[in-house]
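# Topology and contacts: notes
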Amino acid sequence: MKDAGERSLGRTGARVLPVSLGGEGILRTTGRAKEAVPVILEALRLGVRYCDTAPAYQQSQDYYGEAFRAAGRAARDGVFLASKTHERSRDRALRLLDDSLRRLGTDRLDLWQMHDLREMDEIDVMCGKGGALEAAAEAKRDGRVRFVGLTGHHDPDVLVEAMQRFAFDSVLVSLNPADARYRPFLPTVVAEARRQGIGVVGMKVLAAGRLVREAPAPDLLRWGAAHADTVIVGCSSVAEVRANLAVNVGFVPMPDDERRALERKVEARAETYDYFKG
């Protein structure tokens, strides 16, 4: 697949495409490898660069591991593989990391993220003695992890505080045209990330499919890619993979006037599309 719109994921230097593969959709299931693994294999065939998963996503990591075994080592080496930890302590986080590597069938993660930060107290634990950021430093030293990120869709103030207390390499943050209504992430988290040179990965761009009632998925993905280095999207089928990754082919950035028009279109029903905020 010939693509366009390649960009750098912040200061990591990794090259990513506007649209990448999320770890949810059919991948956030249990016992459905026959449906899930072909989704990953199709994304790999189409040249996906960034792949997302997490221990919290049921068997998502197992499906990736099976897909990488089927596609061969070059397939794993050809992507920027991101997983997460929801544990806030050093020891628990390291155990979870080793389990992730086992399930994914790899000896390293390109990106390990502190998953779903919601409360300021979590930052104190994570950054303190015996916290998960000690685990991240150890894992970077021994090669199990290349870069460290954080994720969240609950409260932008929490993410900004975390970004000011630790030099993260990336932030995975919710972004869609309803962002401005309540607890906006664009003028807060994304602005801080750009100030620091932190990579920005967008999620919730389709609001779990709800926003496609307002606009075609390709337009929503282009809106997200206007603000993020890449946006991840969960897929339910091989057909969805093809449709979503097709946005990368001859990628056309969304002009400012189109972005604003889309934001105005969803404004009256924005509460329906930012349900994930705290």
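Check the entry above for the structure.
Residues numbered from 1 in each chain as written. Predicted model: local features only at pLDDT ≥ 70, side-chain atom pairs only at ≥ 80, totals over all residues. Heavy atoms only, no water.

### Let's talk about the nonpolar core
Core analysis: the biggest nonpolar cluster contains 78 residues, and Trp112, Met114, Leu150, Val171 and Val173 have the highest contact counts within it. With six residues, the single largest contributor to this core is helix α1 (residues 33–45). Beyond its immediate stretch of four places on either side in the chain, Val171 contacts Leu150, Leu159, Val189, Ala193, Ile198, Gly199, Val200 and Val201. In terms of nonpolar packing, the next biggest core, distinct from the first, is built from 12 residues, Leu111, Val201, Met203 and Ile232 among them. (Core = buried A, V, L, I, M, F, W, Y, C linked by side-chain atoms within 4.5 Å. Buried < 20%, exposed > 50% of the residue type's maximum accessible area, 1.4 Å probe, protein only. Helix = DSSP H or I, 4+ residues; strand = E, 2+ residues; numbered from the N terminus. Contact = heavy atoms within 4.5 Å.)

### Comments concerning the environment of Val171
Here Val171 is to be found in strand β8 (residues 170–174). Note on Val171: relative accessible area 1%, which makes it buried. The spacing of Val171 and Gly278 is 107 residues in sequence and 18 Å in space, taken between C-alpha atoms.

### Comments concerning the pattern of salt bridges
According to the stated counting rule, one finds 34 salt bridges in the structure shown. Between Arg103 and Asp62 there is a salt bridge, and its shortest N-O distance comes to 2.9 Å. Placement of the pair is Arg103 in helix α4 (residues 90–104) and Asp62 in helix α2 (residues 60–71), with a sequence separation of 41 residues. Judged by its relative accessible area of 15%, Arg103 is buried. For the salt bridge of Asp179 with Lys277, the shortest nitrogen-to-oxygen distance reads 3.5 Å. (Salt bridge = Lys/Arg side-chain N within 4 Å of Asp/Glu carboxyl O.)

### Describing the pairing of strand β3 (residues 19–25)
Burial of β3 is extensive: five of the seven residues sit out of reach of the surface. Judged from the four bridges that link them, β3 and strand β10 (residues 230–235) form a sheet pairing that is parallel. When the sheet's bridge partners are listed, Leu21 is paired in β10 with Val233. (Pairing = 2+ DSSP bridges.)

### A word on the packing of aromatic side chains
Following the criterion strictly, the structure yields five aromatic pairs and no others. One aromatic cluster is present, formed by Tyr50, Phe80 and Phe147 through successive ring pairs. Taking NZ or CZ as reference, Arg210 lies 3.9 Å from the ring centre of Tyr275, over its face. (Phe/Tyr/Trp six-rings, centres within 6.5 Å; stacked < 30°, edge-to-face > 60°. Lys NZ or Arg CZ within 6 Å of the ring centre and 35° of its normal.)

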